[in-house]
Structure formats: structure tokens, C-alpha cells
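Examination of the molecular architecture
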Amino acid sequence: MRERNRFDDRLSTTLLVCLVYPLGPAAIILMPMIVGGLIDGYGFTEQDAANIAALEGMGLVVSSVLAALWIRRVSWVRALFVAFLSYAVLNAVSANLDGVTPLLVARFLTGLAGGSLFAVSVAALGDNREPDRAFGLGQGVQGVMMLGAFLAAPYLMQAWNVSALYYMLAAASLLLMLTLMWFPDEGRSRVTSAAGEAHGGQ
């Protein structure tokens, strides 16, 4: 049985969390290209493409809000495993759909999975003793990863249409599952942290 990974503030752990941080909202950031691909490649109307984008965004928001109910109760590693796998499968499924209604459903569900990934990574960064530095690193890693995605996206779409972006997101999710070997199983214990700070202040 895997030994539980304890939460810590080491730079290596923070950077590990930072790698997961961009994946949840990645499709939203890439949405201008995805919407264009749906219109040009699939022949969808602008309204249909906008609805698909909106449903995915709604799924991300709903999942992020609901995470408040479980984020301190469930093993982060198990939650991330389910979210990573769901995100990969749903993106792969999306790449093979060409109807508006099926894509509406698939992208809403993908948004739910992405919201869970985002919620855990935000909680982990927020539990850092230096959250400003942690979120700064997260934004930096997100910028680098999204720059790479934006540079690759036009070539991928030219060769394989918008489905290539969905496959790219699926592959990224499967690759980032490797982080689960070191990802903290839960956040910082607020009781322990408060007691330690009170003791140190005496």
C-alpha cells in the first residue's frame, strides 16, 4: 500500500503542484482556438460553438464550488486520480464527437473534471506557508505551459483539426498522473499549524 505523502513547503513539492495547476482551466484558456476549430472544422454555428464553450466553463465553476464540500475530507491523491482519468477519457471522447449535443454534454463533464483538478491544486498552493510565492510560481508555470500549447496548437489543428487539441489535453492529463507518486495526500492540518504558530509566538 502506498505510503501517504505528507504536505510540506519544499520548493520541489510546490513546483509539483504548479505542474497540475494549469491543467484544470487549460481548455478555457485555449477556448478561442477551440471555438474557431469547431466553427471552421465542424461547421458549427457561432452560437453552437459559444454554447459548448459556456457549458465547459460552467462545469469548471460548478465543480470548483462543490469542491468546498469535499476538499478537506477526501484524499487528494485519490481525487486527482479520478479527475485525471476522467479528464483524459472525456477529452479523448470529445475528439471523436462531431455533433453539437454530444459535445455539449461531454464538454460540461470535462469542465467538472477540470474543476476538481483546479480545486485541489489551488488548495495545495493556498496551504503553503508562503501562498503569494506559491501562486506566483503557479502562474509562471501556467504561462510557460500555455505558451507551449498556443505555439503547438496551430500546427496540430492544421494536421488533425480541433480534435488534436482534445487529444493534447488528454495526453497531458495522463502524463501528469505521474505527479500522484509525490503529490501530498491532504493539505496542511489547520489545528497543528495553528498550535505550532501559537507555540512559536510565546
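Higher on the page you've got the structure.
Scope of this entry: the structure provided in the associated data block.

Each value, and the rule that gives it
- Residues numbered from 1 in each chain as written.
- Predicted model: local features only at pLDDT ≥ 70, side-chain atom pairs only at ≥ 80, totals over all residues.
- Heavy atoms only, no water.
- Helix = DSSP H or I, 4+ residues; strand = E, 2+ residues; numbered from the N terminus.
- Contact = heavy atoms within 4.5 Å.
- Buried < 20%, exposed > 50% of the residue type's maximum accessible area, 1.4 Å probe, protein only.
- Expected span 1.5 Å × (residues − 1).
- Arc of directions from axis to C-beta.
- Axes fitted to C-alpha atoms, helices over the stretch in contact; angles between N-to-C directions.
- Parallel < 35°, antiparallel > 145°, perpendicular 65-115°, else oblique.
- Nonpolar A, V, L, I, M, F, W, Y, C, P; charged D, E, K, R; others polar.
- Salt bridge = Lys/Arg side-chain N within 4 Å of Asp/Glu carboxyl O.
- Core = buried A, V, L, I, M, F, W, Y, C linked by side-chain atoms within 4.5 Å.

Relative to the elements of secondary structure, Asn91 occurs in helix α5 (residues 76-94). In sequence terms Asn91 and Tyr42 are 49 residues apart; their C-alpha atoms lie 16 Å from each other. When sequence neighbours within four positions are dropped, the list of residues in contact with Asn91 reads Arg107, Thr110, Tyr166, Leu169 and Ala170.

For the rest of this paragraph, the subject is helix α1 (residues 11-20). If you check which residues of α1 are buried, you get Thr13, Thr14, Leu16, Val17, Cys18 and Val20. Where the residues of α1 are buried, they touch α5, α6 (100-126) and α7 (131-160).

For helix α4 (residues 46-66), spanning 21 residues, the distance from its first C-alpha to its last is 30 Å, which sits close to the expected 30 Å at 1.5 Å a residue. Three or more residues of α4 are buried, namely Ala49, Ile52, Ala53, Glu56, Gly57, Gly59, Leu60 and Ser63. Down the axis, α4 shows its buried residues gathered within 145° of arc, on one side only. Across α4 from its buried face, at more than 90 degrees, point the exposed residues Glu46, Gln47, Val61 and Val65. The elements touched by buried residues of α4 are α2 (26-29), α3 (31-42) and α6.

Next up on the list: the packing of α3 against helix α8 (residues 163-176). Where α3 meets α8, the axes come as close as 9 Å, and the angle between the chain directions of the two elements is 140°. Taken together, the axis directions place α3 and α8 in an arrangement best described as oblique. Contacts between α3 and α8 pair Met33, Ile34, Leu38 and Tyr42 from the former with Ser163, Leu165 and Tyr166 from the latter. A class-by-class count of the residues in the contact of α3 with α8 yields six nonpolar, one polar and no charged.

The next point concerns unusual backbone geometry. Positioned with a positive phi, Asn161 is a non-glycine residue whose angle comes to about 65°. Within the fold, Asn161 resides in the loop between α7 and α8. Residue class for Asn161 comes out partly exposed when judged on its relative accessible area of 26%.

Okay, the pattern of salt bridges next. In total, this model carries five salt bridges according to the counting rule given. Between Asp127 and Arg72 there is a salt bridge; the shortest N-O distance is 2.7 Å. Of this pair, Asp127 sits in the loop between α6 and α7 while Arg72 sits in the loop between α4 and α5, placing them 55 residues apart in sequence. Overall, Arg72 belongs to the partly exposed group, its relative accessible area being 47%. Three or more residues joined by partner-sharing salt bridges are found here, namely Asp9, Arg129 and Arg188.

Proteins that are soluble and globular tend to have nonpolar side chains buried together. Residues Ile34, Leu38, Trp76, Leu80, Phe84, Tyr87 and Phe183 are the most contacted members of the largest nonpolar core, which totals 48 residues. Counting only elements with at least two residues in this core, the list comes to α1, α2, α3, α4, α5, α6, α7 and α8. Element by element, the count of residues in this core is highest for α6, at eight residues.

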